[in-house]
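Here are the chains, one letter per residue:
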Amino acid sequence: QVQLVESGGGLVQPGGSLRLSCAASGSIFSINAMGWYRQAPGKQRELVAAITSGGSTNYADSVKGRFTISRDNAKNTVYLQMNSLKPEDTAVYYCNADTKVHYYSDYDDYWGQGTQVTVSS
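Each chain carries its own residue numbering, running from 1 in the written order of its sequence. Reporting of local features is limited, given that this is a predicted model, to residues whose pLDDT is at least 70; pairs of side-chain atoms are given and counted only at 80 or more, and all residues count toward the totals for whole chains, interfaces and linings. In computing side-chain properties, one takes all heavy atoms of the structure into account and sets aside hydrogens as well as water.

Colleague: Describe the environment of Ser30, with residues and values.
Modeller: Tracing the sequence through the fold places Ser30 in strand E4 (residues 30-39). Each C-alpha atom, one on Ser30 and one on Ser53, is 9.3 Å from the other, the two residues being 23 residues apart in sequence. Discounting chain neighbours no more than four positions away, the residues touching Ser30 are Asp98, Thr99, Lys100 and Tyr107. At 2.9 Å, the side chain of Ser30 forms a polar contact with the side chain of Tyr107. Each helix is a run of H or I in the DSSP string that is no shorter than four residues. Each strand is a run of E no shorter than two, and both are numbered from the N terminus. Whether two residues touch is decided by their heavy atoms; if any such pair falls within 4.5 Å, the residues are in contact. Between N or O atoms, a polar contact is any pair within 3.5 Å; within protein, one atom must be a potential hydrogen donor and the other a potential acceptor, and residues adjacent in sequence are included only when both atoms are from side chains.

Given below as structure tokens:
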């Protein structure tokens, strides 16, 4: 019903930048919060940043001041600008959208397939 497609991951040197994008498509009535999570090998998935439909944001302490989340509501797309990347930012990054597929449905979580970000020299 709802598909989230991420793009923009890759290999970058420490101190470098990447911009992730995630576009939601399919049977969408409305999207509440959108966010980015990440999971490193052997670790639990963690919230990186989230943004509401009104533009309120919150960030993990580890990325504050380095990452910026934004969204284009008209395009159902969320972005994550990542600057000053560190090796510890290496993980698979997943997009999440709290989505309602029709007026009478509840909001449900949908996930993208993940995109690898590797920070290494």
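Picking up after the structure, the text goes on.
Colleague: Let's hear about the pattern of salt bridges: which residues, and what values?
Modeller: When a carboxyl oxygen of Asp or Glu is within 4 Å of a side-chain nitrogen of Lys or Arg, the pair counts as a salt bridge. Under the defined criterion, the tally for this structure stands at four salt bridges. With its nearest N and O atoms 2.7 Å apart, the salt bridge here joins Glu46 to Arg38. Buried means the residue's accessible area, taken with a 1.4 Å probe over protein chains only, is under 20% of the maximum for its type, while exposed means over 50%, and partly exposed covers the values in between. With a relative accessible area of 6%, Arg38 lands in the buried category. Asp89 is paired through a salt bridge with Arg38; the nearest N and O atoms lie 3.0 Å apart. Residue Asp89 is located in the loop between strand E8 (77-82) and strand E9 (91-100), and its partner Arg38 is located in strand E4; the two are separated by 51 residues in the primary sequence. Beyond isolated ion pairs, a larger network of salt bridges with shared partners links Arg38, Glu46, Arg66 and Asp89.

Colleague: For the environment of Tyr107, give the residues involved together with the corresponding values.
Modeller: By the secondary structure assignment, Tyr107 is in the loop between E9 and strand E10 (108-111). Residues Tyr107 and Ser30 lie 77 residues apart in sequence; the distance between their C-alpha atoms is 8.7 Å. Apart from the residues within four sequence positions on either side, Tyr107 is in contact with Ser30, Ile31, Asn32, Asp98, Thr99 and Lys100.

Colleague: Hey, could you go over the sheet that holds strand E7 (residues 67-72) for me, with residue numbers and the actual values?
Modeller: One bridge is not enough; two strands pair if DSSP finds at least two bridges between them. Strand order in the open sheet formed by four strands is E1-E3-E8-E7, and the pairing between neighbours is antiparallel. Strands with a single pairing partner mark the edges of an open sheet, and in this sheet they are strand E1 (2-7) and E7. Ignoring strand direction, the axes of neighbouring strands in this sheet form an average angle of 15 degrees. Bridge analysis of E7 against E8 gives six bridges, and the strand direction is antiparallel. Bridge pairing links Arg71 to Val78 in E8. In this analysis an axis means a line fitted to C-alpha atoms, helices contributing only their contacting stretch, and an angle means the value between N-to-C directions, from 0 to 180 degrees.

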